[in-house]
Structures are given as structure tokens and as C-alpha cells.
Amino acid sequence: MNRRQRAKTVIELEPRRTASTETTKAPERELEPDPLYGVALLKTALELKRRKDGTPEEILRGVLARMRLSEEDFRAWLSQQGGLLKVLGGEES
């Protein structure tokens, strides 16, 4: 039995061409959420339930730092969802 590995075929794709309609309209870019954003929210909620010392903002920063997620991108996505308190089920004042 031959144990040599087959060579893999590499295909180079052409860059995507933009249509003229795409270049004229782009007032607000839609952020594609990272799949880990939901996990970060869940971890934040669990930390809030477990720990009583610290604000939700501090706990969120710690979770994002541990998960190595961009806080700026996460906050932009979070603002599209309605904010931290709305997502976690709290009241915004």
C-alpha cells in the first residue's frame, strides 16, 4: 500500500468585481457579526450572575479581552442589537 500523499490543487480566485450600483450606495455599512459575539454575551451574562463585584461594562471588557475580540467591532455590533442592557434583559435609563 502506497502511503504517499497526493499533491493538493491550488486554485487562485479572481477578485470580486463591484458593480456600478454597489459603488454609489453605501451610506451605512452592515457589520457581519463574528460567531463568537453570542458566546461573549453568554459569558458576560454568566459572569454577571456569578460575580457581584463590578459593573457590566468592566465584566464585558474582561470577557472580550480573554476571548481576544475587538471591543470596537463588538460595540458597533452591539449598538445594532440595541445596546448592552437591552441584550442582557435590563432596562436602559
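A quick note: this is a predicted structure, and the numbers were derived from the prediction, not measured.

In terms of regular secondary structure, the protein chain is built from 5 helices and 0 strands. When the elements of the protein chain are put in sequence order from the N terminus, they spell out α-α-α-α-α. Buried residues in the protein chain amount to 18% of all 93 residues. In the protein chain, 54% of the contacts between residues at least 6 apart in sequence involve partners at least 24 apart. Accessible surface, the protein chain as shown: approximately 8,500 Å² in total, 50% of it carbon and sulfur.

What tends to happen in soluble globular proteins is that the nonpolar side chains get buried as a cluster. Of all hydrophobic cores here, the largest spans 13 residues; its most connected members are Ala40, Phe74 and Leu78. Mapped onto this core, the elements with two or more residues apiece are α2 (36-50), α3 (56-67) and α4 (71-81). It is α3 that contributes the most residues to this core, 5 residues altogether. Excluding residues that lie within four positions of it along the chain, Phe74 makes contacts with Tyr37, Ala40, Leu41, Leu60 and Leu64.

What follows deals with the packing of aromatic side chains. Applying the stated criterion across every chain, the model contains 3 aromatic pairs. An angle of 85° between the planes, with centres 5.1 Å apart, marks the rings of Tyr37 and Phe74 as edge-to-face. Note that Tyr37 is positioned in helix α2 and Phe74 in helix α4, a separation of 37 residues in sequence. Side by side, Tyr37 and Phe74 carry an identical accessibility label, which is buried. Aromatic ring contacts, followed pair by pair, group Tyr37, Phe74 and Trp77 into a single cluster.

Interhelical geometry of α2 versus α4 gives an angle of 85° and a closest axis separation of 11 Å. Here α2 lies roughly perpendicular to α4, going by the angle between them. Where α2 abuts α4, its residues Tyr37, Ala40 and Leu41 lie against Asp73, Phe74, Trp77 and Leu78. For the contact of α2 with α4, the class distribution of residues is 6 nonpolar, no polar and 1 charged.

Under the counting rule described, the total for this entry stands at 6 salt bridges. Its salt-bridge partner being Arg51, residue Glu47 comes within 3.5 Å of it at the nearest N-O pair. A salt bridge links Glu57 to Arg75, with the nearest nitrogen and oxygen atoms 2.8 Å apart. Of this pair, Glu57 sits in helix α3 while Arg75 sits in helix α4, placing them 18 residues apart in sequence. Of the residues examined, Arg75 reaches a relative accessible area of 24% and is grouped as partly exposed. Among the charged side chains, a network of salt bridges with common partners joins Glu47, Arg50, Arg51 and Asp53.

Analysis parameters
Residues numbered from 1 in each chain as written. Predicted model: local features only at pLDDT ≥ 70, side-chain atom pairs only at ≥ 80, totals over all residues. Heavy atoms only, no water. Helix = DSSP H or I, 4+ residues; strand = E, 2+ residues; numbered from the N terminus. Buried < 20%, exposed > 50% of the residue type's maximum accessible area, 1.4 Å probe, protein only. Contact = heavy atoms within 4.5 Å. Areas by Shrake-Rupley, 256 points an atom, 1.4 Å probe, with all protein chains shown as cover. Core = buried A, V, L, I, M, F, W, Y, C linked by side-chain atoms within 4.5 Å. Phe/Tyr/Trp six-rings, centres within 6.5 Å; stacked < 30°, edge-to-face > 60°. Axes fitted to C-alpha atoms, helices over the stretch in contact; angles between N-to-C directions. Parallel < 35°, antiparallel > 145°, perpendicular 65-115°, else oblique. Nonpolar A, V, L, I, M, F, W, Y, C, P; charged D, E, K, R; others polar. Salt bridge = Lys/Arg side-chain N within 4 Å of Asp/Glu carboxyl O.

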